[in-house]
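# Observations on the three-dimensional arrangement
Listed below are the residues making up each chain.
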Amino acid sequence: MCAVLGRRNGDIMAEALQNMYTYLSSQIKSIGVTDVVDILIVAVVLYYIFRFVQDRRASKLAVGLILLFVLYLISDLLSLNTIKFIMDNIFQVGLIAVIIVFQPEMRSMLESFGGQTKRLKSFSAKESKANVKMVEEICRAAGDLSKDCTGALIVMQRSTPLGDYIKSGTIVNADISSILLRNLFFNKSPLHDGAVIIRDGRIYAAGCFLPLTMKTEIMKELGTRHRAAIGASENSDALVIVVSEETGTISVASDGKLRRGFTPHSLEKYLTNVFVEPSVKKPKSKKKKEEQKQQTKNAQETEPKKDEQRDAKGE
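This write-up is about the structure you can find in this document. (Residues numbered from 1 in each chain as written. Predicted model: local features only at pLDDT ≥ 70, side-chain atom pairs only at ≥ 80, totals over all residues. Heavy atoms only, no water.)

Relative to the assigned elements, Leu191 resides in the loop between helix H10 (178-184) and strand S3 (195-199). Note: C-alpha distance between Leu191 and Gly169 (22 residues apart in sequence) is 8.4 Å. (Helix = DSSP H or I, 4+ residues; strand = E, 2+ residues; numbered from the N terminus.)

Dropping the structure here:
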């Protein structure tokens, strides 16, 4: 009797597996090129949405929406009519609610997608050479401001227009120079209490006001300048340089993230990677060439002395 039941169970299991195999194989055979492309596009979109949301406040809101959806499924399965009625009414206006709740994040995401095509274009050689000078002047000014512990906030516009911020300040539209940047941030200057915006390689505006970030996990010792830098980088693809008034620390905000502890040299290297075409190399100055020659000469002179000392010890 047990053997017969075992055989029947085995036959049922084998038939179920055969049916499953037949169903899966038929589904796989029916997949075409358009289906694969469709799945890949959806996967890429979901990946970028997840990547965009995970470091923002929207991640917590998204978790809440997922929990509501799970609660709706449970109420439907267990026939919890009251909860299901409430969930039905909530999801009827769900799309409008999502647009309202996620409005800042959706705006930032669409702006970053819109600026992506402009970022892909390569710099011309002329633009890159002009950007080399721009980077040199900004880094020289940042180094001097850091030594003096003078607060500074420099916004470097990229593909996203910053007209709203420019309107809040004063138009300068001057050639970029480290001297002018230092004068603008001098604590007695009327335009020092605001941001300088660099556009098209020129100091376009000064004394501009930037939106503060709404992040709550920022370190308490960071002041308004740092919060404004993060806020501006969240709402655009701009790169923002901050010099702390208390410590003189140089920081850079990009894509809503703040990187601290830059030196003038490391800042120049970082900005060069962003704004200068790799094929356009910065020419070495005469001073650096002379220093390298002197170091080589000193190294060559010390080698014979070391050999003489070894010979003397050997004797």
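Our focus in this paragraph is the pattern of salt bridges. One pass over the full model with this rule turns up five salt bridges. One salt bridge in this structure joins Arg182 and Asp144, with 2.8 Å as the shortest N-O distance. Of the two residues, Arg182 sits in helix H10 while Asp144 sits in helix H8 (residues 125-147), which places them 38 residues apart along the sequence. With a relative accessible area of 23%, Asp144 lands in the partly exposed category. (Salt bridge = Lys/Arg side-chain N within 4 Å of Asp/Glu carboxyl O. Buried < 20%, exposed > 50% of the residue type's maximum accessible area, 1.4 Å probe, protein only.)

On to the nonpolar core, then. Looking at soluble globular proteins, one finds that nonpolar side chains tend to be buried together. Grouped together as the largest cluster of nonpolar side chains are 27 residues, with contacts concentrated most on Ile138, Met156, Ile198, Ile241, Leu267 and Leu271. Elements with a contribution of two residues or more to this core: H8, strand S1 (152-156), H10, S3, strand S4 (202-208), strand S5 (239-243), strand S6 (250-254) and helix H12 (264-275). If one sorts the elements of this core by residue count, H8 sits on top with seven residues. Aside from chain neighbours lying at most four places away, what touches Leu267 is Cys139, Ala142, Ile241, Ile250, Val252 and Phe262. Counting 17 residues, the second largest nonpolar core, distinct from the first, contains Leu153, Cys208, Val242 and Ala253. (Core = buried A, V, L, I, M, F, W, Y, C linked by side-chain atoms within 4.5 Å. Contact = heavy atoms within 4.5 Å.)

Bringing the pairing of S3 into the picture now. The element S3 is extensively covered by neighbouring structure, given that four of its five residues are classed as buried. Sheet analysis places S1 next to S3, joined by three bridges and oriented parallel. Among the inter-strand pairings, Ile154 is bridged to a residue of S3, identified as Val196. Note that S3 and S4 share four bridges and pair antiparallel. Within the sheet, the bridge partner assigned to Ile198 lies in S4 and is Ile203. Between S3 and S4, which follow one another and run antiparallel, lie two residues, and Asp200 among them has a positive phi close to 55°. (Pairing = 2+ DSSP bridges.)

The analysis is restricted to geometry; functional conclusions fall outside its scope.
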